[in-house]
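Close look at the chain arrangement
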Amino acid sequence: MVKSFITLSLFLLIIFSTLISANPGRNFSETLSPSSLGLKKQKLTHLHFYFHDFITAKHPTTLQIVQPATTNNSSSTSFGSVWVMDDPLTIAPELSSKLVGRAQGFYGSASQSEFGFLMVLNFAFTGGKFNGSTLSVLGRNTIFSAVREMPIVGGSGVFRFARGYAQAKTHTVDLNTRNAVVEYNVYVLHY
C-alpha cells in the first residue's frame, strides 16, 4: 500500500513537471496592448443625474442593516451603522422623471466626529447607450459638505477600465424623514 502510494506520487510528480516544462512560455502575467483587447482611444464622459435615497417611505430604497448597540446611546453620527440601498437614478430631481439606472450597494457611518460615510456602490445604468453598464464608487461622503468627491474605481460594459470621480451635491433633504435627493456629476475616463 505504501509502496503503491509512493509510486503513484512519483508518477504524478513526473507528469506535472513534464507539463510545466512543456509550456515554458506560460507566465502568471503578461503585458498587453489595449488594442489587443479591442480597446480604442480613451474617452472622457460626463454623466449628470439625481440619486433618490428614501429611508422612511411606503417603499424605502434604503434599509438599515446594522446598528451597533453602542450607537443607540453614545454616537451623534450613527458611527458603525450600515445601510443597504437600491436607489433610483433619474435625469431630473423629480422621481417621476426618466429613470436612467440605480445606485446599488451600501454605506456605513465611518466617522465618530461628523456624518462621514464610506460609500461602496455601483451605478447600474438601465437605458440608452449605457444600458447594462456599471460604474463602481468607493469613497468617503461627508454628507453635510456642500460638494463631496468620491473616486470611480472601475466599471463594466461600456465603462470597462473606467476611472474618474463623482461629485455629489445635496439637492433636497428632509432631516425628519432622512429622505434625500442628491445631484451627481460624474466624470469618467474609459475606452
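The structure displayed is predicted, hence computed values, not measured ones.

Conventions adopted
Residues numbered from 1 in each chain as written. Predicted model: local features only at pLDDT ≥ 70, side-chain atom pairs only at ≥ 80, totals over all residues. Heavy atoms only, no water. Helix = DSSP H or I, 4+ residues; strand = E, 2+ residues; numbered from the N terminus. Buried < 20%, exposed > 50% of the residue type's maximum accessible area, 1.4 Å probe, protein only. Areas by Shrake-Rupley, 256 points an atom, 1.4 Å probe, with all protein chains shown as cover. Polar contact = N/O pair within 3.5 Å; in protein donor to acceptor, adjacent residues only side chain to side chain. 1 Å grid on protein atoms, 1.4 Å probe; cavity = no way out; pocket = protein on both sides within 12 Å on 5 of 7 lines; lining within 4 Å. Points joined across faces, edges and corners; volume = space filled by probe spheres on them. Nonpolar A, V, L, I, M, F, W, Y, C, P; charged D, E, K, R; others polar. Salt bridge = Lys/Arg side-chain N within 4 Å of Asp/Glu carboxyl O. Phe/Tyr/Trp six-rings, centres within 6.5 Å; stacked < 30°, edge-to-face > 60°.

**Focus: the overall build of the protein**
- Looking only at helices and strands, one finds two helices and nine strands in the protein.
- Along its sequence from the N terminus, the protein presents helices and strands in the succession α-β-β-α-β-β-β-β-β-β-β.
- Within the protein, buried positions represent 34% of all 191 residues.
- Here the protein has roughly 12,100 Å² of accessible surface; of this, 60% comes from carbon and sulfur atoms.

**Comments concerning the environment of Ser36**
- Its place among the elements puts Ser36 in the loop between helix 1 (2–22) and strand 1 (43–53).
- A relative accessible area of 48% means that Ser36 is categorised as partly exposed.
- Within polar-contact distance, the side chain of Ser36 engages the backbone oxygen of Ser33 at 2.7 Å.

**Side note on the layout of surface pockets**
- Taken as a whole, the largest pocket holds about 480 Å³ of empty space.
- As for the largest pocket, its lining consists of 22 residues, and the residues nearest its centre are Phe117, Ile143, Val173, Arg178 and Ala180.
- Put simply, the parts of the chain that give the lining of the largest pocket at least two residues each are strand 1, strand 5 (116–125), strand 8 (163–174) and strand 9 (179–190).
- Examining the composition of the lining of the largest pocket, we find that three residues originate from one element, strand 9, more than from any other.
- Its residues assigned to classes, the lining of the largest pocket shows 15 nonpolar, four polar and three charged.
- The volume enclosed by the second largest pocket comes to roughly 150 Å³.
- Leu47, His48, Phe49, Ile91, Lys98, Leu99, Val100, Phe125, Gly127, Gly128, Lys129 and Phe130 together form the lining of the second largest pocket.
- Residues belonging to the lining of the second largest pocket are distributed by class as follows: seven nonpolar, three polar and two charged.

**Here we look at the pattern of salt bridges**
- Counted according to the given criterion, the structure contains two salt bridges.
- For Asp86, the salt bridge goes to Arg102, with nearest N and O atoms at 2.7 Å. Residue Asp86 is located in strand 3 (residues 82–90), and its partner Arg102 is located in strand 4 (residues 99–109); the two are separated by 16 residues in the primary sequence.
- Note on Asp86: relative accessible area 31%, which makes it partly exposed.
- Taking relative accessible area as the criterion, Arg102 reaches 24% and is therefore assigned partly exposed.

**What about the packing of aromatic side chains?**
- Tallied over the full model, the rule gives 14 aromatic pairs.
- On the basis of an interplanar angle of 70° and a centroid distance of 6.1 Å, the ring pair of Phe49 and Phe125 is categorised as edge-to-face. Of the two residues, Phe49 is situated in strand 1 and Phe125 in strand 5; the sequence distance between them amounts to 76 residues.
- Residue classification places Phe49 among the buried positions, given a relative accessible area of 2%.
- Ring geometry for Trp83 and Tyr107: centres 5.5 Å apart, planes at 25°, overall stacked. With Trp83 in strand 3 and Tyr107 in strand 4, the pair connects residues that are 24 residues apart, well separated along the chain.
- Residue classification places Tyr107 among the buried residues on the basis of a relative accessible area of 5%.
- By way of ring pairs, the aromatic residues Phe49, Phe51, Phe123, Phe125, Phe130, Phe159 and Tyr184 are connected into one cluster.

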